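# Structure assessment
Now for the letters of each chain:
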Amino acid sequence: MKRKVLLFSALALAFSSMAQSENRESTDLVIIGAGGAGMSAAIEAHNQGVNVILLEKMPFAGGNTARAEGGLNAAGTPYQKAKGIEDNPELFFKDTMKGGRNINNPELVRILSEQAKDSIEFLKINGAELADVSRAGGASVDRIHRPVGGEPAGSFIATALIKKVKALNIDMRTRTSATEIIKNDKGEVTGIKAKGKEGNVYTIDAKKVMITAGGFGANFDMIKHYDPKLVGFKTTNAPGSLGEGVKMAESINAKLVDMEYIQIHPTTVPGKGILITEGVRGDGAILVNEQGKRFINELLTRDVVSQSILKQPNAHAYVIFNDALVKQNKTIDTYFKQKLVFEGDSVEALATAIKMDPKQLSATLSAYTGYAKAKKDTEFGRESFKQALDTGKYYAIEVTPGIHHTMGGIAINTKAQVVDNQGKVIPNLFAAGEAAGGVHGANRLGGNSLADIVTFGRIGADEAVKEIKAGK
């Protein structure tokens, strides 16, 4: 009997060891989150010769990147030069710091402003050329790069990166979540625990770990905790933006920064959380309240424009544009398909469609046309005019502010290394994209998110590869 018990115990131990070995694997770099930052990092690291596992908890890659519409800010690009646009990293830096109310980490902003142009080239090489240039709120010059024709830049970039990840045979696993970051007794990150699509739990031992899991713009409990004023607002975020990466980092003593700064985008569709890209205003559209009056320079920073809309009657406004703008910005086609657009053959007909005083709306558009032709807005100080809004059919979309971006997140340095609450680097751990904080300060400028995710995703991957090859 004793011999049978010993045999059973030995067999049980053997099966246990086999199960453990089967539930463990290893790689050079594991990346948590397959949005723009994660895919950029994976491509960069793979091309430098290291083994990468890229995890994505959703059924598909893309994350919030796929929902971004405007474009990518970069200074000193060939596309700007071809259009005679004078821009430089110093001006980009100043605009970004001012937009973030100087709360941003200036070292990170300096890196962003200097290296975003390299991200434009990286995307071009990888199938996402952003050859058109326009202007977003808070920018001193035309700086936001987007696809020719004005189609949504985010889905354009995400589609290209997904295609490249697959072409390179990078190990990307969808429906697979990271559940824990593992540290050894020396405080070094050594891998993660993950849960696969079948519910299987396993460990990935990794020389380096990067968190690119996005922000928490769809986690209403976290939003309530950090900014209770936003309770009740709709969100433009992808449903997977729940902040798990931030929480996992916090649980191992990573420092969090700027968590209380949550951006509301001024132009989302009431009750739906559908984003109306800032590019529509950048291409010449204006904002009017329900009385048919303009009330602000439409290209001021998102926080300022949002607060101004919230002060209007019933806290909403209308984006007004015409046929010429529709032809220039292909993103608008999606708004027609979603049946979000009011239209009229004349200004008066449009006013009737949106139950507005025709005389007042006509007077507003007439005044704006004068400003556009004179290149001087004496009423609100707008400086960029792409359309005079004096011809063709007229259109309107009702908008109100909605939750859009979380500026706060995991503290990183200029190499995208994660730092702890004492300001020391946590060995082998990196973060980039909306999961990381410090780049945008109190308010993100339109076009800086895509610049951030691609730039710091690549920077983190590059540093991770250097450390791996150096045997660190």
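The notes below deal with the structure included here. (Residues numbered from 1 in each chain as written. Predicted model: local features only at pLDDT ≥ 70, side-chain atom pairs only at ≥ 80, totals over all residues. Heavy atoms only, no water.)

## So, the overall build of the chain
Heads up, the condition is: Counting from the N terminus, the helices are DSSP H or I runs at least four residues long and the strands are E runs at least two residues long. Only C-alpha atoms enter the radius of gyration; for comparison, a globular chain is expected to reach 2.2 Å times N to the power 0.38, where N is the number of residues. Burial status follows relative accessibility: with a 1.4 Å probe on protein chains alone, a residue under 20% of its type maximum counts as buried, one over 50% as exposed, and anything between as partly exposed. Pairs of residues are marked as contacts when any of their non-hydrogen atoms sit within 4.5 Å. Exposure was quantified through the Shrake-Rupley algorithm and a 1.4 Å probe, taking into account, for residues, occlusion by the shown protein chains and nothing else. Only four residue types enter the charge count: Lys and Arg as positive, Asp and Glu as negative, with His and the chain ends excluded. Here the site of a charge means NZ on Lys, CZ on Arg, CG on Asp, or CD on Glu.
Counting its secondary structure elements, the chain contains 15 helices and 19 strands. Relative to its length of 472 residues, the chain is compact, with a C-alpha radius of gyration of 24 Å against a globular reference of 23 Å. Oriented by its inertia axes, the alpha-carbon framework of the chain measures out at about 100 × 45 × 40 Å. The proportion of buried residues among the 472 residues of the chain is 57%. In the chain, of all internal contacts separated by at least 6 residues, the share reaching a separation of at least 24 is 73%. Surface accessibility of the chain: about 19,600 Å² in total, with carbon and sulfur atoms responsible for 52%. Distance between charge centroids for the chain: 3 Å, based on 59 positive and 52 negative side chains.

## Considerations on unusual backbone geometry
The phi dihedral of Ala315 falls on the positive side, at around 50°, and the residue is not glycine. Inspection of the secondary structure assignment puts Ala315 in the loop between α10 (302-310) and β13 (317-322). The backbone of Asn428 shows a phi angle near 80°, a positive value even though the residue is not glycine. Tracing the backbone shows Asn428 in strand β18 (residues 425-431). On the accessibility criterion, Asn428 (14% relative accessible area) is buried.

## Re the sheet that holds strand β10 (residues 256-257)
Put simply, the test is: Here, any two strands with at least 2 DSSP bridges between them count as paired. Fitted lines through C-alpha atoms give the axes, limited to the stretch in contact for helices. The angle between two N-to-C directions lies from 0 to 180 degrees.
Taken in spatial order, the three strands of this open sheet run β10-β16-β19, and their pairing is mixed. Looking at which strands have only one partner, the edges of the open sheet turn out to be β10 and β19 (436-437). In the sheet, strand β16 (residues 409-411) pairs with β19 via two bridges, with the strands oriented parallel. Looking at β19, one finds that Ala411 is bridged to Gly437. Helix α8 (residues 244-251) contacts β10 and β16 of the sheet and is inclined by roughly 40° relative to β16.

## Digging into the pairing of strand β9 (residues 201-211)
Within β9, eight of the 11 residues are buried, which leaves the element mostly enclosed by the surrounding structure. Taken together, the five bridges between strand β8 (residues 189-195) and β9 define a ladder with antiparallel strand orientation. Each bridged residue has a counterpart across the sheet, and for Lys193 the counterpart in β9 is Thr203. From the end of β8 to the start of β9, which pair antiparallel, there are five residues, and Gly199 there has a positive phi angle of about 90°. Looking at chain direction, β9 and β18 are connected through three bridges and run parallel. When the bridges of β18 are listed, Met210 appears paired with Phe430.

## Some words on the nonpolar core
Operational definition: Take the buried Ala, Val, Leu, Ile, Met, Phe, Trp, Tyr and Cys residues and link them wherever side-chain atoms come within 4.5 Å; each set so joined is a nonpolar core.
Ranked by internal contacts, the top residues of the largest apolar core, which has 88 residues, are Leu72, Leu123, Ile192, Ile211, Ile410, Leu429 and Phe456. The biggest single contributor to this core is helix α15 (residues 448-469), with 10 residues. Setting aside residues no more than four positions away along its own chain, Ile211 makes contact with Ile32, Ile181, Gly245, Ala249, Ile410, Leu429, Phe430, Ala431, Ala432 and Ala435. Of all hydrophobic cores here, the second largest spans 21 residues; its members include Val269, Val280, Val319 and Tyr395.

## Overview of the packing of aromatic side chains
Under the convention used in this document: Note on ring pairs: Phe, Tyr and Trp rings are taken, using the six-membered ring of Trp, and paired if centres are within 6.5 Å. Classes follow the plane angle, with under 30 degrees stacked, over 60 edge-to-face and the rest tilted. In this scheme, the term charge over a ring applies when either NZ of a lysine or CZ of an arginine sits within 6 Å of the ring centre and within 35 degrees of the ring normal.
Enumeration over the complete set of coordinates arrives at four aromatic pairs. Note on Phe321 and Tyr395: the rings are 5.6 Å apart at their centroids and 25° apart in plane angle, and the pair reads as stacked. In this pair, Phe321 sits in strand β13 while Tyr395 sits in strand β15 (residues 394-406), placing the two residues 74 residues apart along the sequence. Taken as a pair, Phe321 and Tyr395 share a single burial class, namely buried. Seen in terms of ring centroids, Tyr368 and Phe385 are 6.0 Å apart; in terms of plane orientation they differ by 50°. Their pairing is tilted. Of this pair, Tyr368 sits in helix α14 (residues 358-374) while Phe385 sits in the loop between α14 and β15, and the two are 17 residues apart along the sequence. Each member of the pair Tyr368 and Phe385 is classed as buried. Here the aromatic cluster, defined as three or more aromatic residues joined through ring pairs, consists of Phe321, Phe336 and Tyr395. The cationic tip of Arg110 hangs over the ring face of Phe93; the distance from NZ or CZ to the ring centre is 3.7 Å.

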